[in-house]
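Survey of secondary and tertiary structure
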Number of protein chains: 2
Amino acid sequence: MVSSTPPNPTASIIVIGNEVLSGRTQDANIKYIATRLGELGIVLREVRIIPDIIEMIVRTVNEMRASYDHVFTTGGIGPTHDDITSECIAAAFGVAWVKQPQVWARMEAHYPPGQFNAARQRMATMPAGAVIIENGHIAPGFSMGNVHVMAGVPAIMRLMFEALAPQLQGGAAIISDAVHSNDLREGDLAAGLSAIQDRYTALDIGSYPYFRNNVVGVTIVAKGIDAAQVRAAIEEVQELFRSLGAEPIAGEAAG
Amino acid sequence: MVSSTPPNPTASIIVIGNEVLSGRTQDANIKYIATRLGELGIVLREVRIIPDIIEMIVRTVNEMRASYDHVFTTGGIGPTHDDITSECIAAAFGVAWVKQPQVWARMEAHYPPGQFNAARQRMATMPAGAVIIENGHIAPGFSMGNVHVMAGVPAIMRLMFEALAPQLQGGAAIISDAVHSNDLREGDLAAGLSAIQDRYTALDIGSYPYFRNNVVGVTIVAKGIDAAQVRAAIEEVQELFRSLGAEPIAGEAAG
């Protein structure tokens, strides 16, 4: 495969907090960030969900920032005792955790006397060298090197991600196309599909069976940065479906 | 804290496959497994979501199985080219990937002549020493040492998890209680809550702000294996709420 396109930057997400690990909540941020990264041409390679434990946060941040071009964290930047992400980022980078003068000043001006207390002051304290990520709210996120530290509350996380997005080093957008059939099993198309994958080494071709409303079928998704190749691969999959007596239907199977 | 209760076993989940990382789908298995593990007294300490890449699967499985008592994988055990979990588990354990005679025989008997093809035969091929996890379907999951290999399709994953559950080494069930208030901000209760956490070191007390339908509030969740302590801590949180002029409401805030 001859190509002059530079490789796409890579990313990971670290979801910090006990609420997903305890089963209390369903993560609501990964899908959003994953989708937006694809649009920006950044390949999400790994997600880790970890608890509010200092050593785990520090170790995970250091592993991820050494392995990927961008690291996004969600959660743990509020004012309570279980919000320890910011201090842990400072520890991971080996820098002091210090007053951020701009954020400190505006939070101090915002709250009535006495309410800019020690807990809230922690939200105006950041690793030395952090660059703030604005979000239209009083307490921002921040970037420290290639680690982008965002809130866990989805509405606020999204504002932070979108404030950050224009500054991210991206790559060619990742194009996706799909076809499905209600008349096929994976075991019948596997050999033909594998041969198609072998002919399109620059693409990532995935096979996803579904079982819903008593309908059993399979969706094939092709992804890559070359739209013409993605389209050609999907057309080959449609031919494969027909050769097996199954009707191809464009796009993903309805949820 | 004097206690004769042995520590709870730990676990991690590895979600294998590109579909969550690409933003195509929302993971639908973590919350189920996390909730059930809590009921079984097994503490879920980490989740990793990784792509269908051999080296990443092998490395992640080996890191996780050395770090936690139980490892659960979901995804990548179907018949298509992107289903490589089973071979990777064999590689991680350094064992051969071999015909599982019992599964092979019943799949061969199940399919019409010619349909138990090379792709389907892969589903009857497992790491040497694997113990199958039945699920009422033709192709089972398997356990290899402390690594439990399950399907990614949620309905099938759940059958496999429930077949496995009675054999898992668990611990004291983790009890959870909660209280919330629509009249409070985290920054106002943080100091008092931190003092409560300091008095209940065996519990995990989490603070979760919410912003919905124009209502801003906070939920406090206490978790631990001692129900009386969990209850006492939540009662102290209720007192804290009242001392701040906020009405405590039992349980989680409605979704």
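Basis of the calculations
- Residues numbered from 1 in each chain as written.
- Chains lettered and ligands numbered in written order.
- Predicted model: local features only at pLDDT ≥ 70, side-chain atom pairs only at ≥ 80, totals over all residues.
- Helix = DSSP H or I, 4+ residues; strand = E, 2+ residues; numbered from the N terminus.
- Expected span 1.5 Å × (residues − 1).
- Buried ≥ 20, exposed ≤ 12 C-beta atoms within 10 Å, placed from the backbone.
- Arc of directions from axis to C-beta.
- Contact = placed C-beta atoms within 7 Å.
- Pairing = 2+ DSSP bridges.
- Axes fitted to C-alpha atoms, helices over the stretch in contact; angles between N-to-C directions.
- Core = buried A, V, L, I, M, F, W, Y, C linked by C-beta atoms within 7 Å.
- Parallel < 35°, antiparallel > 145°, perpendicular 65-115°, else oblique.
- Left-handed = near helix turned anticlockwise from the far one by under 90°.
- Nonpolar A, V, L, I, M, F, W, Y, C, P; charged D, E, K, R; others polar.
- pLDDT = per-residue confidence, 0-100.
- Domains from an automatic or database assignment.
- Least-squares fit on C-alpha atoms with pLDDT ≥ 70 in both.

This next bit is on helix α9 (residues 227–243) of chain A. All names here are of chain A. If you check α9, its first and last C-alpha atoms are 24 Å apart, about what 17 residues at 1.5 Å a residue would give, namely 24 Å. Every buried residue of α9 is listed here: Val230, Ala233, Ile234, Val237, Leu240 and Phe241. Viewed end-on, α9 has its buried residues packed into an arc of 110°, placing them on one side of the element. Those residues of α9 that are exposed and aimed more than 90 degrees away from the buried face are Ala228, Arg242 and Ser243. On the buried face of α9, the contacting elements are β9 (175–181), α8 (186–199), β10 (204–212) and β11 (215–224).

Turning next to the sheet that holds strand β10 (residues 204–212) of chain B. Where strands meet in a sheet, backbone hydrogen bonds hold them as pairs that are either parallel or antiparallel. Residue and element names in this part refer to chain B. Sheet architecture is open: four strands sit in the order β10-β11-β9-β12, paired in antiparallel fashion. Of all strands in the sheet, those with a lone pairing partner are β10 and β12 (249–250), marking the two edges. The pairing of strand β9 (residues 175–181) with strand β11 (residues 215–224) spans seven bridges and is classified as antiparallel. In the sheet register, Asp177 faces β11, and the bridge partner there is Ala222. The sheet strands contacting helix α9 (residues 227–243) are β9, β10 and β11, and the helix crosses β9 at an angle near 10°.

Let us look at the pairing of β10 of chain B. Residues and elements named next belong to chain B. The pairing of β10 with β11 spans nine bridges and is antiparallel. In the sheet register, Phe211 faces β11, and the bridge partner there is Val216. As consecutive antiparallel partners, β10 and β11 are separated by two residues, and within that stretch Asn213 has a phi angle of approximately 45°, a positive value.

Before going further, it helps to examine the nonpolar core. Counting residues in each nonpolar core, the largest one holds 103 residues, and the members touching the most others are Val61, Ile89 and Met160 of chain A together with Val61, Ile89 and Met160 of chain B. Those residues in contact with Val61 of chain A that lie beyond four places of it in its chain are Ile14, Val71, Cys88, Ile89, Ala92 and Val147 of chain A.

Mapping Ser207 of chain B onto the fold places it in strand β10. A tally of 21 C-beta atoms within 10 Å means that Ser207 of chain B is categorised as buried. For the pair Ser207 of chain B and Val218 of chain B, spaced eleven residues apart in sequence, the C-alpha to C-alpha distance is 6.8 Å. Contact partners of Ser207 of chain B, with chain neighbours within four places excluded, come to Thr80 and Asp82 of chain A together with Glu186, Leu193, Val218 and Ile220 of chain B.

With that out of the way, let us pick up the packing of helix α3 (residues 54–67) of chain B against helix α4 (residues 85–93) of chain B. All names here are of chain B. It is at 9 Å that the axes of α3 and α4 come closest, and there the two elements cross at 55°. Taken together, the axes of α3 and α4 lie oblique to each other. The hand of the α3/α4 crossing is right-handed. For the pair formed by α3 and α4, the contact residues are Ile54, Ile57, Val58, Val61 and Asn62 on the first element and Thr85, Cys88, Ile89, Ala91 and Ala92 on the second.

A separate point is the interface of chain A and chain B. Every contact between the two is made by 47 residues of chain A and, on the other side, 47 residues of chain B. Going through the elements one at a time, α1 (18–21), α2 (30–39), β2 (43–50), α6 (118–122), α8, β10 and β11 of chain A are the ones with two or more residues in the side of chain A that touches chain B. Residue composition of the side of chain A that touches chain B, by class: 21 nonpolar, 15 polar and eleven charged. As paired strands, β2 of chain A and strand β2 (residues 43–50) of chain B are joined by three bridges and run antiparallel to one another. Looking at β2 of chain B, one finds that Arg48 of chain A is bridged to Arg48 of chain B.

What follows concerns the confidence of the model for chain A. Averaged over chain A, the pLDDT score is 94; the fraction of residues at 70 or greater is 98%. In the predicted complex, the global pTM is 0.95; the interface-specific ipTM is 0.94.

This part takes up the sheet that holds β11 of chain A. All names here are of chain A. Strand order in this open sheet of four strands is β10-β11-β9-β12, and the pairing throughout is antiparallel. In this open sheet, the two strands that pair with only one neighbour each are β10 and β12 (249–250). Pairing between β9 and β12: two bridges, direction antiparallel. Along β12, the bridge assignment pairs Val179 with Ala250. Contacts from α8 reach β10 and β11 within the one sheet, and its direction differs from that of β10 by about 165°.

What follows deals with the domain arrangement of chain A. Domain annotation for chain A reports domain 1 (10–167) and domain 2 (175–250). Domain 1 of chain A and domain 2 of chain A are separated by 38 Å when their C-alpha centres are compared.

In this section: the pairing of strand β7 (residues 141–144) of chain B. Residues and elements named next belong to chain B. Burial of the side chains of β7 extends over both faces: Gly141 and Ser143 are buried on one face and Phe142 and Met144 on the other. Bridge count for strand β6 (residues 131–133) against β7 is three bridges, and the pairing is antiparallel. Pairing of Ile132 across the sheet is with Phe142, part of β7. The hairpin turn running from β7 into strand β8 (residues 147–150), its antiparallel successor, is two residues long, and Gly145 in that turn takes a positive phi close to 60°.

The next point concerns the packing of helix α8 (residues 186–199) of chain B against α9 of chain B. Residues and elements named next belong to chain B. The N-to-C vectors of α8 and α9 enclose an angle of 155°; their axes lie 10 Å apart at closest approach. In terms of their interaxial angle, α8 and α9 are classed as roughly antiparallel. Of the two elements, α8 crosses α9, and the hand of that crossing is right-handed. Together, Leu189, Gly192, Leu193 and Ile196 of α8 and Ala233, Glu236, Val237 and Leu240 of α9 make up the contact between the two elements. Tallied by class, the residues present in the contact of α8 with α9 amount to six nonpolar, one polar and one charged.

Rotating chain A by 180° about the axis while translating it 0.0 Å along that axis superimposes it on chain B, leaving an RMSD of 0.0 Å. Given the turn and translation reported, the copies of this chain are related as if by a two-fold rotation axis. Closest approach to the rotation axis within chain A is made by the C-alpha atom of Arg48 of chain A, at a distance of 2.3 Å. Here 100% of the interface residues in chain A have copies in chain B that are interface residues too; the copies meet face to matching face.

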